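What the coordinates show
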2 protein chains.
Amino acid sequence: MHIKECIVSAPGKAILHGEHAVVHGKMALAVSLNLRTYLQLQATFTSKVCINLPNINAFLSWDVTVLNQLVPDSEADLRNMDELDIELVRRLRDFVGIPNGALDTRSMAILAFLYIYISIFAGSGELPSLTVSVWSELPTGAGLGSSSAYSVCLAAALLSASGTIPSPLSDQENTARWGVAEMELINRFAFQGERIIHGNPSGVDNAVGTWGGILRYHSGKITPLSRVPMLRILLTNTKVPRSTKVLVAGVKDKMNKGPKVIGQWTQKLFHGQFPSIINPVLDSVDAISCTCEQTLSEMTSDSPTPEHYDILEELIDINQHHLNVMGVGHPALDNLCRVTLARGLHSKLTGAGGGGCAITLLRPETEHSVVQNTVQDLRECGYDCWETRIGAAGVQEHSPLAVKEEVLEVLARY
Amino acid sequence: MHIKECIVSAPGKAILHGEHAVVHGKMALAVSLNLRTYLQLQATFTSKVCINLPNINAFLSWDVTVLNQLVPDSEADLRNMDELDIELVRRLRDFVGIPNGALDTRSMAILAFLYIYISIFAGSGELPSLTVSVWSELPTGAGLGSSSAYSVCLAAALLSASGTIPSPLSDQENTARWGVAEMELINRFAFQGERIIHGNPSGVDNAVGTWGGILRYHSGKITPLSRVPMLRILLTNTKVPRSTKVLVAGVKDKMNKGPKVIGQWTQKLFHGQFPSIINPVLDSVDAISCTCEQTLSEMTSDSPTPEHYDILEELIDINQHHLNVMGVGHPALDNLCRVTLARGLHSKLTGAGGGGCAITLLRPETEHSVVQNTVQDLRECGYDCWETRIGAAGVQEHSPLAVKEEVLEVLARY
């Protein structure tokens, strides 16, 4: 069959406010990160399906004829987008040779690709020969939506290649977005990929990858904010994995306190031993998210003022204290906040915490030298650090002219 | 007239939980500090009234005959302990030569002494000749109740000297406390001293000085907890005065943000611009005070366990985060918390914050070497640091045998 070639990209995601509180029924604000995942889909005549994922060193190819045998007899289960076709997932695991229970990034990425590929082309009679190459600016496994950006790119490129959705590119535009109906379809297929990778995802990450901008998430309901300002940030990865926290706590305990494990203790406190202390903190986080949403809205209807940024900074500081109260802080995050505050910049952790990543707000008037010095300070602490923006566009198609040279170079290698 | 000589002492005070929140109608826990103020009252035959306050380098004496002229014709106003005899205060200011509006420690201490002395002896026909010498282990002006300990000592010693209250000492006891009725009287006279020194005090400080232990303070009502455990703490004075905070904020602003003054901003936020964010934090502080009170109560009815100390530490950590949210933290306090946590110890600011003092909880099993090393670390930061206890006894009378040698030595110099 004839398929359409394309290059697509989707943004990563961060939580601006409401991580953890969202689990307790409070509102969260999820934002797109202009660190993007790029996917190039090429038609081939090799009767092979190839996937190249240089970020995780995964390069595989299969004969189309072999893959054809995996297509379900009935497409009924594939058309039911409310859940996965478990039987197909099982067959794909066996086919690729993924041991039961294995959840590693490489296995999950391959499984998600094959599932979306087969889902989209199963109805077209024969599976097409093609090569998919993916390159991401996002670190993997850092809670920055690298998997959802990947799933969104897969869904958009494969739906486009199959002709299910048209190309949004016109002669005038080298980068363009799809219409609402097409994006909804992309989002639904991307969610299937997320289900394969994460088991029971909230759907927020793929929604951010699809719609971009800023999304409000509350009690399972996802609402994109209508207009959002683009905010400059530093995104920093402390590279402290979550589990290290327990180690640190363990060490601290041994120093002073006997057998208590602080991680467990905090969990106990947080999950209900002292609800009268913690529930108000969750209420305050909720109010922070609401105030932030309102402030962002004012920044788009009027012009952004220094006072708007004052509020955004204050909200970041307060929420960082609250996250410490919830027991998801880490000395590396405290250090990061201190280092950026010494440059006049305000930071909070984003996502799970206990290490992981943080965002640092940059003001429009923050000078380039301040940004450079801060990035250098943070790198000297051993952290990864990127200057980027939040509120960036969701999934897009690009003509090769509109893709950064370095990304094209990477994609061209495969 | 014949007067009775005595040595009395009263403890300082700290706020365990609820500073700032108490202003907004929440509960606070005030605790006595076993850093004490000692007062020796000696009868003399010099027809002089002398007061020696070596801590603040104030040594004064007056002729009794001159002081007699200041005694109000009617004692009605002096017997009304609900308010000060403003006319007497005015006459005393003129007499001592305190300029209008002067509120310095030395002037206030002298005024409080003369007021309480005249109030107590005015009814006895003639003012007695005596010398009062005071030595305090408390730093002055650090929010640790040095003025209330002073007022309590003055009230207790002068009431005792006048024969209004009996000595509680017996042959068996070298240190003893008065009965409830006597302590209530001491507390009322001490409150007059506090009124002179502070204008409109809450009455908590003199109540702590009188009753000792731990007091719950809520909406103007002061309730001593019936039984309290004695807790070991480090008390640290960062020696950062409150005003420095504004300076720091100003510097930070100039670095990054234009003309905003963070101190003012935080005040604005705290006092109502975002009540939905801050009010829950005050509720959480209230719950912290309640949980602390309950835990302390359990520690006296059962034996204290490591788990009790775990809770006390957790409450300290959470409240310190909340105080930062309220904008009364300071980099010196952050540093103090970090330094003590590195030794496995938990700290929070106490009192006004924005610098000032902090308390660090010591556990029963905290080794002497850990305490010593922590004290050394804190002193190397330029802070003053004392190992002491909270929950100590309130006002007491001592025989000279029961007073520490170094205190007796200081008192004996005058």
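Residues numbered from 1 in each chain as written. Chains lettered and ligands numbered in written order. Predicted model: local features only at pLDDT ≥ 70, side-chain atom pairs only at ≥ 80, totals over all residues. Heavy atoms only, no water.

The number of helices and strands found in chain A is 14 helices and 13 strands. Radius of gyration (C-alpha) of chain A: 22 Å, near the 22 Å computed for a compact globule of 414 residues. With the principal axes as the frame, chain A shows a C-alpha extent of 65 × 55 × 40 Å. Looking at chain A as a whole, 59% of its 414 residues are labelled buried. Taking the contacts inside chain A whose residues are at least 6 apart along the sequence as the reference set, 75% of them involve residues at least 24 apart. As displayed, chain A has an accessible area near 16,400 Å², and 51% of this comes from carbon and sulfur atoms. (Helix = DSSP H or I, 4+ residues; strand = E, 2+ residues; numbered from the N terminus. Rg over C-alpha atoms; globule rule 2.2 N^0.38 Å. Buried < 20%, exposed > 50% of the residue type's maximum accessible area, 1.4 Å probe, protein only. Contact = heavy atoms within 4.5 Å. Areas by Shrake-Rupley, 256 points an atom, 1.4 Å probe, with all protein chains shown as cover.)

Residue and element names in this part refer to chain A. Along the chain, the position of D205 falls in helix 7 (residues 204-211). Overall, the relative accessible area of 18% leaves D205 in the buried class. D205 has contacts with K13, G145, S148 and E194, leaving out every residue within four places of it along the chain.

The subject of this paragraph is helix 5 (residues 146-161) of chain B. At 3.6 residues per turn, the α-helix brings residues three or four places apart onto the same side. Residue and element names in this part refer to chain B. Over its 16 residues, helix 5 runs 22 Å from end to end, which matches the ideal 22 Å to within 8%, given 1.5 Å per residue. The buried fraction of helix 5 is high, at 16 of 16 residues. G163 occupies a position one or two residues after helix 5 and carries a positive phi of about 80°. (Expected span 1.5 Å × (residues − 1).)

This part is about the environment of A:I311. All names here are of chain A. Its location among the elements puts I311 in helix 11 (residues 306-325). Accessibility expressed as a relative area gives 11% for I311, which makes it buried. In sequence terms I311 and T295 are 16 residues apart; their C-alpha atoms lie 7.7 Å from each other.

Our next topic: the packing of aromatic side chains. Residues and elements named next belong to chain B. Considering all chains together, one arrives at eight aromatic pairs over all chains under this definition. Ring centres 5.7 Å apart and planes at 25° place the aromatic pair F113 and Y117 in the stacked group. Remark: Y117 and F113 occur in helix 4 (residues 105-121); sequence separation between them is four residues, near one turn of the helix. For F113, a relative accessible area of 0% puts it in the buried group. (Phe/Tyr/Trp six-rings, centres within 6.5 Å; stacked < 30°, edge-to-face > 60°.)

With that settled, the discussion passes to the environment of A:E314. Topologically, A:E314 is positioned in helix 11. It is 8.1 Å that separates the C-alpha atoms of A:E314 and A:H346, two residues lying 32 residues apart in sequence.

All names here are of chain A. Domain annotation for chain A reports domain 1 (6-228 + 392-412) and domain 2 (232-390). One C-alpha centre belongs to domain 1, the other to domain 2; they are set 29 Å apart. At the interface, 28 residues of domain 1 touch 34 residues of domain 2. Both faces combined, the contact of domain 1 with domain 2 buries some 2,600 Å², and carbon together with sulfur accounts for 66% of it. It is H17, E19 and H20 that lose the most area in domain 1 upon contact with domain 2, and together they represent 24% of the buried surface on that side. With its nearest N and O atoms 3.1 Å apart, the salt bridge here joins R216 to E293. Linking domain 1 with domain 2 are 13 residue pairs in polar contact (both at pLDDT 80 or more). Of all the secondary-structure elements, those providing two or more residues to the side of domain 1 that touches domain 2 are strand 1 (6-17), strand 2 (28-43) and strand 7 (214-218). Here the element with the most residues in the side of domain 1 that touches domain 2 is strand 2; it accounts for seven residues. Of the residues assigned to the side of domain 1 that touches domain 2, the class counts are 17 nonpolar, six polar and five charged. (Domains from an automatic or database assignment. Buried area = accessible area lost by both parts, 1.4 Å probe. Salt bridge = Lys/Arg side-chain N within 4 Å of Asp/Glu carboxyl O. Polar contact = N/O pair within 3.5 Å; in protein donor to acceptor, adjacent residues only side chain to side chain. Nonpolar A, V, L, I, M, F, W, Y, C, P; charged D, E, K, R; others polar.)

A few words on the pairing of strand 4 (residues 58-63) of chain B. Consecutive side chains along a regular strand alternate between the two faces of the sheet. Residues and elements named next belong to chain B. Here strand 4 shows a buried face lined by A58, L60 and W62 and an unburied face lined by F59, S61 and D63. Both strand 3 (residues 48-53) and strand 4 contribute to a ladder of six bridges, which runs antiparallel. Within strand 4, the residue paired with N52 across the bridge is F59. The loop that links strand 3 with its antiparallel partner strand 4 comprises four residues; one of these, N57, has a positive phi angle of about 55°. (Pairing = 2+ DSSP bridges.)

A word on the nonpolar core. Generally speaking, nonpolar side chains in soluble globular proteins are found buried as a group. By size, the foremost hydrophobic cluster in this structure holds 119 residues, and its most contacted members are A:L41, A:F113, A:Y117, A:L130, A:Y150 and A:L158. Here the element with the most residues in this core is helix 4 (residues 105-121) of chain A; it accounts for 13 residues. The residues contacting A:L130, other than those within four sequence positions of it, are A:I3, A:L41, A:Q42, A:T44, A:K48, A:V49, A:C50, A:F113, A:Y117, A:F121 and A:L158. Of all hydrophobic cores here, the second largest spans 118 residues; its members include B:A112, B:A161, B:W178 and B:F189. (Core = buried A, V, L, I, M, F, W, Y, C linked by side-chain atoms within 4.5 Å.)

All names here are of chain A. Overall, the predicted model of chain A reaches an average pLDDT of 90, with 92% of residues at or above 70. Within chain A, the element-level pLDDT minimum falls on helix 8 (residues 242-256), averaging 46, and the maximum on strand 13 (residues 396-398), averaging 98. Scored below 50 in pLDDT, residues 247-271 makes 46 contacts in the model with residues more than four places away or belonging to other chains. Predicted complex, confidence summary: ipTM 0.86, pTM 0.89. (pLDDT = per-residue confidence, 0-100.)

On the UniProt side, "domain: GHMP kinase C-terminal" (unreviewed entry) is annotated at positions that read residues 310-373 of chain A here. Structurally, residues 310-373 of chain A is divided into 52% helix and 16% strand, and its ends, taken at the C-alpha atoms, are 22 Å apart. (UniProt positions renumbered as here; feature names shortened; annotations may be inferred.)

Our next topic: unusual backbone geometry. Residues and elements named next belong to chain B. In this structure, S47 is a non-glycine residue whose phi angle is positive, near 55°. Residue placement: S47 occurs in the loop between strand 2 (28-43) and strand 3. Positioned with a positive phi, S219 is a non-glycine residue whose angle comes to about 50°.

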